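Structural overview for review
If you want the building blocks of each chain, they are given just below.
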Amino acid sequence: MPPIEKDTGKNELKTKIQKLIDSNQVVVFSKSYCPYCIQVKDLFKELKIEFNVMELDLMENGSNYQEMLLEMTGQRTVPQVFINKTHVGGCDKTMQAHKDGSLQQLLSGEKEAYDYDLIVIGGGSGGLACSKEAAMLGKKVMVLDYVVPTPTGTTWGLGGTCVNVGCIPKKLMHQTALLATAIQDARKFGWEFDESVKHNWDTMKTAVNSYIGSLNWGYRVALRDKNVDYVNAYAEFIEPHKIKATNKRGKETFHTAARFVLATGERPRYLGVPGDKEYCITSDDLFSLSYCPGKTLVIGASYVALECGGFLAGLGLDVTVMVRSILLRGFDQEMANRAGAHMETHGVKFIRKFVPTKIEQLEEGSPGRLKVTAKSTETDETIEDEYNTVLIAVGRNACTDKIGLDKAGVKVNPKNGKIPVNDEEQTNVPHIHAIGDILEEKWELTPVAIQAGKLLARRLYGGSTVKCDYIHVPTTVFTPLEYGACGLSEERATELYGPDNIEVYHSLFWPLEFTVPSRDNNQCYAKIICNKLDSDRVVGFHYLGPNAGEVTQGFGAAMKCGATKEHFDATIGIHPTCAEVFTTLEVSKRSGGDITQSGC
Ligand code: FAD
Ligand code: NAP
């Protein structure tokens, strides 16, 4: 009976193909003229891997083979690559597997030996995004997160820096400070309230931390819902595919994975002067401090220092910022200095070109009293003063030195502990990737870590080729008057294109909300930098004013689309807003024209 014969023939062919797959380390079903097949065969030749090739176009029953392969693998096209009985797929999948290290792993026959497809070390912004995405793509994933307590014993829950000791508590405390200004403004708008206004640190701290607690819980639930195994333990490599996890009771467990993603983030750096670890705090301690810090010295002059100094002053505290060199290194210096000048007019004191040499305790307490000695960076001058709290904000160290990277063979820049990666976040060890703050020469921002983690998982497990774009990343410094930026600083644009090839348009502006309370006139400032060699494309966007994050976000999208000055001019503003200033920028810096706002 013909159908049975047909089935018998099919079964025989299937057995024959299966035998071929089972008895050879590498089998390539190919067509001799196909360029993708040639690419795959060349790869194996280059890797000096022996492979068995079946050129279907040169075989009498090649088309039957192709039909049967479709039935067996769901793929009709060639090449079709099998390694150690596993169907790798076509050319793209084979090249991808070579890139991510899984090809080598399959060749060594290790596939079945691992506990997980992916282990992510670090449950912060990047690690959580990556692990959830990989699990949603059907992979078996573990994420480990462990917080080493600060020298003063502060610790926190799942979610990493942003949620616990970064963006979230910082923005909420910044908002607390903005409310103080709103209360003052309110009287001018007719609100009458007699009682004296004061701030209660404990109420704010408790409210902020209970919100953080809800986020910690939410992350745990999300991991459970997505079937990610979460372990609250410190991870370190003991072999390239194996980690040791130590929990807070000291219990050790061991886990293996085909791939790893490092997302261990950073922790605050200390000064290395007497008394720093004993008596000072960092941002890791500030947001859950059990007492109001009182008169505070902030050491450092970048994001963390200016933001924390700014909101502490906004709460009414006596705040001094000690600056080693300049404000906000790497940012447009005109903008940085304007943000600093606004802080200064609102009561923040700056000690410039000094660094601390010693911190001594004068009195224990909550807060106590500390004596700080500092020396000038330019002269022999030494100064001393007393503070209740010293907040060190002099940068952060990558958490890469105690995670056994030497055992895995991962290269680290010895100067700063950062991990160099290629444009696919792959380290020098093909099966180990890295994302977030620990990357060399990348932005240290939450959305960047999240985007990199998510896209990495999609490339590794979802067949995507989309890479994280680190160009034109918008950012905001939440100083009391917020500073939003995207693209190049004026200094960098001048350096890149030459002073004659850029045109800078700028304006001061007075937010309508500030007019009735009659405050901060001519302190808000907008500036764009255009590349004259490229149709006046906007290469730098800078905004100093209220809600800078909200304003900058949308212009960031416009810059991604390649917006030019003409596009900005053709955009109709929303009135009355601050952001509309960018649709009416007419005065170029070169012209020296008047930039004070002349009304609507
Ligand atoms: P993290 O979020 O730091 O997560 C790393 C996690 O890994 C941590 O939980 C850590 O404890 C854990 N870990 C480390 N080693 C191990 C190990 N061996 N085993 C297990 N777990 C380990 N960014 C913004 O975009 N906007 C802001 O407004 C902003 N404000 C900030 C304010 C402050 C005060 C600070 C300090 C940072 C701020 N940032 C802000 C930066 C942002 O928090 C980081 O860029 C972001 O958290 C980086 O994410 P990540 O995944 O790389 O690391
Ligand atoms: P940072 O940007 O690395 O700046 C370190 C600051 O400390 C600089 O002002 C530096 O001065 C100073 N400093 C370094 N060593 C010093 C010393 N020994 N004595 C005195 N001053 C010293 O560090 P950061 O502010 O901690 O920020 C870390 C990262 O977190 C940022 O890059 C940012 O991406 C992220 N972050 C983002 C936000 C946000 O998005 N709003 C907020 C906070 C943090 P010099 O200029 O002289 O070197």
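Residues numbered from 1 in each chain as written. Chains lettered and ligands numbered in written order. Predicted model: local features only at pLDDT ≥ 70, side-chain atom pairs only at ≥ 80, totals over all residues. Heavy atoms only, no water.

Let's talk about the sheet that holds strand β17 (residues 369-376)
Spatial ordering of the open sheet is given by β16-β17-β18, a layout of three strands whose pairing is antiparallel. Because the sheet does not close on itself, it has two edges, and the strands there are β16 (354-363) and β18 (382-387). When the angles between neighbouring strand axes are averaged without regard to direction, this sheet yields 20°. Bridge analysis of β17 against β18 gives six bridges, and the strand direction is antiparallel. Bridge pairing in β18 links Lys 371 to Glu 386. (Pairing = 2+ DSSP bridges. Helix = DSSP H or I, 4+ residues; strand = E, 2+ residues; numbered from the N terminus. Axes fitted to C-alpha atoms, helices over the stretch in contact; angles between N-to-C directions.)

Digging into the site of ligand 1
Among the 35 residues in the neighbourhood of ligand 1, the closest are listed as Gly 126, Asp 145, Thr 161, Lys 170 and Asp 437. Within the contact set of ligand 1, an oxygen atom lies 2.9 Å away from a backbone nitrogen or oxygen of Tyr 146. Against a free-state accessible area of 1000 Å², the protein chains account for coverage of 94% of ligand 1. Sort the elements by how many residues they give to the shell around ligand 1 and helix α7 (residues 160-165) lands first, with four residues. Class assignment for the residues of the shell around ligand 1 results in 17 nonpolar, 13 polar and five charged. (Near = heavy atom within 4 Å. Polar contact = N/O pair within 3.5 Å; in protein donor to acceptor, adjacent residues only side chain to side chain. Areas by Shrake-Rupley, 256 points an atom, 1.4 Å probe, with all protein chains shown as cover. Nonpolar A, V, L, I, M, F, W, Y, C, P; charged D, E, K, R; others polar.)

Regarding the packing of helix α8 (residues 167-188) against helix α12 (residues 303-314)
Contact geometry of α8 with α12 gives a least axis separation of 8 Å together with a crossing angle of 35°. α12 is crossed by α8, and the crossing has left-handed handedness. Contacts from Lys 170, Met 173, His 174, Ala 177 and Ala 180 in α8 reach Glu 307, Phe 311 and Gly 314 in α12. (Left-handed = near helix turned anticlockwise from the far one by under 90°. Contact = heavy atoms within 4.5 Å.)

A few points about the environment of Leu 456
Relative to the helices and strands, Leu 456 is located in helix α15 (residues 446-461). Sequence separation of Leu 456 and Lys 375 is 81 residues, and the distance between their C-alpha atoms is 46 Å.

With respect to the site of ligand 2
What surrounds ligand 2 is a group of 22 residues, the closest being Glu 307, Ser 325, Arg 329, Glu 444 and Thr 476. In the model, an oxygen atom of ligand 2 is placed 2.8 Å from a nitrogen or oxygen of the Arg 329 side chain. The contact in question runs from an oxygen atom of ligand 2 to an N or O atom on the backbone of Glu 444, over 2.6 Å. Taken by itself ligand 2 offers 920 Å² of open surface, and the protein chains cover 79% of this. When the residues that make up the shell around ligand 2 are grouped by side-chain class, the tally is ten nonpolar, six polar and six charged.

Re the nonpolar core
Leu 286, Phe 311, Ile 528, Phe 541 and Phe 582 are the most contacted members of the largest nonpolar core, which totals 69 residues. Leaving out residues up to four positions away in the same chain, Leu 286 has contacts with Trp 201, Ile 281, Pro 293, Cys 308, Phe 311, Leu 312 and Leu 391. The next biggest cluster of nonpolar side chains, apart from the first, holds 50 residues, and it includes Ala 134, Phe 260, Ile 419 and Leu 445. (Core = buried A, V, L, I, M, F, W, Y, C linked by side-chain atoms within 4.5 Å. Buried < 20%, exposed > 50% of the residue type's maximum accessible area, 1.4 Å probe, protein only.)

Digging into the side chain of Asp 285
Looking at the secondary structure, you find Asp 285 in helix α11 (residues 283-286). Although Asp 285 is buried, it makes no salt bridge; Arg 267 carries the closest opposite charge, 7.2 Å away. Every residue in contact with Asp 285, bar those within four places of it in the chain, is listed here: Thr 150, Thr 152, Thr 154 and Tyr 270. (Lys, Arg positive; Asp, Glu negative; His and termini not counted. Salt bridge = Lys/Arg side-chain N within 4 Å of Asp/Glu carboxyl O.)

Examining the pattern of salt bridges
Using the criterion set out here, one finds 38 salt bridges in the structure. Close ionic contact of Glu 424 with Arg 459 constitutes a salt bridge, the shortest N to O distance being 3.1 Å. One end of the pair, Glu 424, is in the loop between α14 (405-408) and β21 (432-434); the other, Arg 459, is in helix α15, with 35 residues separating them in the sequence. Both residues of the pair, Glu 424 and Arg 459, count as buried. One salt bridge connects Arg 537 with Asp 534, and the closest N-O pair in it is separated by 2.8 Å. Classification of Arg 537 by relative accessible area gives partly exposed; the value is 26%.

A short note on the confidence of the model for the chain
In this model, the chain carries a mean pLDDT of 95, and residues with pLDDT of at least 70 account for 98%. Contacts from residues 1-5, a stretch scored under 50 in pLDDT, to residues over four places away or in other chains number zero contacts. (pLDDT = per-residue confidence, 0-100.)

Overview of the packing of aromatic side chains
Under the criterion given, the structure shown has 13 aromatic pairs. Arranged with centres 6.2 Å apart and planes meeting at 85°, the rings of Tyr 146 and Tyr 234 form a pair that is edge-to-face. Here Tyr 146, found in the loop between β6 (141-144) and α7, pairs with Tyr 234, found in strand β8 (residues 233-239); they are 88 residues apart in sequence, far enough to count as distant. What makes Tyr 146 partly exposed here is its relative accessible area of 28%. Look at Tyr 303 and Phe 331: their rings are 5.4 Å apart centre to centre, the planes differ by 70°, and that puts the pair in the edge-to-face class. Of this pair, Tyr 303 sits in helix α12 while Phe 331 sits in the loop between β14 (319-323) and α13 (333-345), and the two are 28 residues apart along the sequence. Since its relative accessible area comes to 12%, Phe 331 is described here as buried. An aromatic cluster of at least three residues, connected via ring pairs, comprises Phe 509, Phe 541, Tyr 543, Phe 555, Phe 568 and Phe 582. The ring of Tyr 525 is capped by Arg 338, whose NZ or CZ atom sits 3.8 Å from the centre of that ring. Just above the ring of Tyr 505 sits the side chain of Lys 565; from NZ or CZ to the centre is 4.4 Å. (Phe/Tyr/Trp six-rings, centres within 6.5 Å; stacked < 30°, edge-to-face > 60°. Lys NZ or Arg CZ within 6 Å of the ring centre and 35° of its normal.)

Structural notes on the sheet that holds strand β13 (residues 296-299)
The strands that make up a sheet are held in pairs by hydrogen bonds between backbone atoms, and each pair lies either parallel or antiparallel. As summarised here, the arrangement of the five strands in space is β12-β19-β13-β14-β15, forming an open sheet in which the pairing is parallel. Each end of this open sheet is capped by a strand with a single partner; those strands are β12 (281-282) and β15 (349-352). Looking at chain direction, β12 and strand β19 (residues 389-392) are connected through two bridges and run parallel. From the neighbouring strand, Thr 282 faces β19, where its bridge partner is Ile 392.

Re the pairing of strand β9 (residues 242-247)
In this structure, β8 lies alongside β9, joined through six bridges in antiparallel fashion. Directly across from Ala 235, in β9, lies its bridge partner Ala 245. The turn joining β8 and β9, which pair antiparallel and follow one another in sequence, is formed by two residues. Direction of pairing for β9 relative to strand β10 (residues 252-262): antiparallel, over a ladder of five bridges. Following the sheet pairing, Ile 243 is matched in β10 by His 255. Connecting β9 to the next strand, β10, in antiparallel fashion are four residues, including Gly 250 with a positive phi near 90°.

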